[in-house]
There are 2 protein chains.
Amino acid sequence: MLITSVTNNKVKQWTKYKNKKYRDLDDRFMIEGMHLIEEAHKAKIIESIIILQGATNPYPQYEYYEVSDNVMDKLTMHVSNEKIMAICHKLDYELNINDHKVILLDGLQDPGNIGTIIRTAYSFGYDKVILSDNSVDLYNDKLIRSTQGAMFHIPVIQNDLKAIIKSLKKQNFTIYATTLTNAKNLSSVTNQGNIALIFGNEGNGISKEIIDMADQNIIIEMVNFESLNVAIAASICMYKFK
Amino acid sequence: MLITSVTNNKVKQWTKYKNKKYRDLDDRFMIEGMHLIEEAHKAKIIESIIILQGATNPYPQYEYYEVSDNVMDKLTMHVSNEKIMAICHKLDYELNINDHKVILLDGLQDPGNIGTIIRTAYSFGYDKVILSDNSVDLYNDKLIRSTQGAMFHIPVIQNDLKAIIKSLKKQNFTIYATTLTNAKNLSSVTNQGNIALIFGNEGNGISKEIIDMADQNIIIEMVNFESLNVAIAASICMYKFK
């Protein structure tokens, strides 16, 4: 099917997916560029492909739409010159009994930080990443891009962190909060059981009510006191407990 | 002194500092916002302060210029609403006999990655960061911002990496290259002596000729094979050898 008008209903609908409200309403989101689309394909979440008129479609197995230049310009987030997009359905996960190592993110606002943490958590074999509901939307396009597709392979949940921590405690998880005060040095902490690591907002750290729920505060030892970027801090801890 | 014209010679000169060529020519660069300026002040590299007409100057000890809105708009890199800028002179460092732990960056192109690595190297007490001359310019404004001022406190050198490695070898440094092949697991490497850790370009890694100069290749063990962001990989290694 060829679409050449930016007022076409499909185009209007897809464009709405740049907005969280409509992503939530339809449980759909839009991605761009070959690499992400290949990862979404492997994760079996692609619903339809949108390609530039006349281009070869590498994924003929899905419903697809050819669009004219002006329509592609309307849809694109201008992050790729590849002029291929896909509509995907969201993934839906819950905590389960097989989880042993999870990452909790409290109020993170930088999509790049969250994406990098998800990508690193996947590399180190963590079971899940849980993003507090007051963090940036998981389907933010910058966030998706900075995961480089890893978020299609490691389960990520966006939910109420307090409820999640209560569930984890019932599953005998030890909850570690990374903070700068009342904290044990990272290198002195050992744990062979189920663990949850909490990392907090870029400016303010973890909120007090979440810290109060933790079993142990930990700090990354530094020579010069300089707060570390949260994705850096998270990665050092994830490597330690991998 | 009040400047209200964007064609004023000082304004023309300062604006040129957005360009590497003129930063190199004058050995000067421009920074913006209170936090960076405070760090530059501590590092004693400020030459002059530029503030918006009528604003209070927190640094009256330096030569300073009040400028009108239109001049500030011309100068600003629009990263801060604080409308204060400073002209600084570059720092100049060389390797020396007291260096024990250094970071080498080969061909990095993302200013944010380099800045984050410099900030982390400072936190962990590394002696120097050396940036290859084919990397992004050290005085790139995004790079400076992402160091959050740490680059004014840890010596950073931008130079020919091969020459630097030769010098380090004469000082009995063990040179480690992070690569994905022919590499020893990070956790199995121990070293109490002088060390240099090399990290490579975001897409291509470390160049072959630099890898060939290393004493040992190291790899960060992963569960799911996914290349790590270079700032993440660097931070994990820096923590390990801190």
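Residues numbered from 1 in each chain as written. Chains lettered and ligands numbered in written order. Predicted model: local features only at pLDDT ≥ 70, side-chain atom pairs only at ≥ 80, totals over all residues. Heavy atoms only, no water.

## Some thoughts on the packing of aromatic side chains
As a reminder of what qualifies: Put simply, two rings from Phe, Tyr or Trp (the six-membered ring, in Trp's case) pair if the centres are within 6.5 Å, and we call them stacked under 30 degrees between planes, edge-to-face over 60, tilted for the rest. Partly exposed residues are those whose accessible area sits between 20% and 50% of the maximum for their type, while under 20% is buried and over 50% is exposed, using a 1.4 Å probe and protein chains only. Throughout this description, the term charge over a ring refers to an Arg CZ or Lys NZ atom that lies within 6 Å of the ring centre and within 35 degrees of the ring normal.
Within this structure, the stated rule accounts for 12 aromatic pairs over all chains. Centroid distance Tyr59 of chain A to Tyr62 of chain A: 6.4 Å. Interplanar angle 45 degrees. Geometry classified as tilted. Taken as a pair, Tyr59 of chain A and Tyr62 of chain A share a single burial class, namely buried. Taken together, the ring pairs in this structure connect Phe29, Tyr139 and Phe152 of chain A into an aromatic cluster. Its end group placed over the ring of Phe241 of chain A, Lys240 of chain A keeps NZ or CZ at 5.9 Å from the ring centre. Sitting over the face of the ring of Tyr239 of chain B, Lys242 of chain B holds its NZ or CZ atom 4.0 Å from the ring centroid.

## Side note on unusual backbone geometry
Apart from glycine, the bulk of residues carry a negative phi angle, and the bulk of peptide bonds sit in the trans form. Residues and elements named next belong to chain A. This is how it is decided: For helices the rule is a DSSP run of H or I covering at least 4 residues; for strands it is a run of E covering at least 2, with both sets numbered from the N terminus onward.
Positive phi values are uncommon outside glycine, yet Lys44 reaches one of about 60 degrees. Of note, the phi angle at Lys83 is positive, near 50 degrees, even though the residue is not glycine. Counting through the fold element by element, Lys83 comes out in the loop between α4 (69–75) and β5 (84–89). With relative accessibility at 33%, the residue Lys83 sits in the partly exposed group.

## Section: the relation of the copies chain A and chain B
Applied cut-off: Alignment of copies: least-squares fit on C-alpha atoms of residues with pLDDT of at least 70 in both copies. Any two residues whose heavy atoms approach within 4.5 Å at even a single point are treated as in contact.
By a simple turn and slide, chain A fits onto chain B: the slide is 0.0 Å along the axis, the RMSD is 0.0 Å, and the turn is 180 degrees. Read as a symmetry element, the transformation amounts to a two-fold axis. Of all interface residues in chain A, 100% are interface residues in chain B too; the two copies therefore contact each other through one and the same surface.

## Points about the sheet that holds β5 of chain A
Residue and element names in this part refer to chain A. What counts here: Note on pairing: two strands pair once DSSP finds at least 2 bridges between them.
Spatially, five strands are ordered β1-β4-β3-β5-β2 in an open sheet, and the strand pairing comes out mixed. The sheet is open, and its two borders are formed by β1 (2–3) and β2 (28–32), each paired with just one other strand. Sheet analysis places strand β3 (residues 46–52) next to strand β4 (residues 63–67), joined by five bridges and oriented parallel. Along β4, the bridge assignment pairs Ile51 with Glu66.

## Considering the environment of Met213 of chain B
Residue and element names in this part refer to chain B. One can find Met213 in the loop between α8 (208–211) and β12 (216–219). It is 42 Å that separates the C-alpha atoms of Met213 and Met34, two residues lying 179 residues apart in sequence. In this structure Met213 touches Lys162, Ile165, Lys166, Lys169 and Ile175, once residues within four positions along its chain are discounted.

## Quick word on the pairing of strand β2 (residues 28–32) of chain B
Residue and element names in this part refer to chain B. Within β2, four of the five residues are buried, which leaves it mostly tucked inside the rest of the structure. With five bridges joining them, β2 and strand β5 (residues 84–89) adopt antiparallel strand pairing. From the neighbouring strand, Ile31 faces β5, where its bridge partner is Ala86.

## Here's the deal with the pattern of salt bridges
Side-chain pairs of opposite charge can arise where the charged atoms are in close proximity. All names here are of chain A. Selection rule: By definition, a salt bridge exists where a carboxyl oxygen of Asp or Glu is found within 4 Å of a side-chain nitrogen of Lys or Arg.
Across all of its chains, the model carries 20 salt bridges over all chains by this definition. Lys162 is the salt-bridge partner of Glu209, the closest N and O atoms lying 3.2 Å from each other. You can see Glu209 sitting in helix α8 (residues 208–211) and its partner Lys162 sitting in helix α7 (residues 161–170), a full 47 residues away along the chain. You can call Glu209 partly exposed: its relative accessible area is 45%. Classification of Lys162 as partly exposed rests on a relative accessible area of 30%.

## Side note on the interface of chain A and chain B
Defined as follows: Accessible area, probed at 1.4 Å, shrinks when two parts are joined; the buried area is that loss added up over both. The term polar contact refers here to a pair of N or O atoms within 3.5 Å; inside protein, the definition further demands a hydrogen-donor-capable atom paired with an acceptor-capable atom, and it admits residues adjacent in sequence only when both atoms are side-chain atoms. Classification used: nonpolar for Ala, Val, Leu, Ile, Met, Phe, Trp, Tyr, Cys and Pro, charged for Asp, Glu, Lys and Arg, polar for all others including Gly.
Opposite the 27 residues of chain A that make contact, chain B presents 27 residues. Between chain A and chain B, a total of about 2,300 Å² is buried, with carbon and sulfur atoms accounting for 60% of that surface. Inspection of the chain A/chain B interface yields 10 residue pairs in polar contact (both at pLDDT 80 or more). Of all the secondary structure elements, the ones that give two or more residues to the side of chain A that touches chain B are α5 (111–123) and α9 (230–240) of chain A. Of the residues that constitute the side of chain A that touches chain B, the class distribution is 12 nonpolar, 11 polar and four charged.

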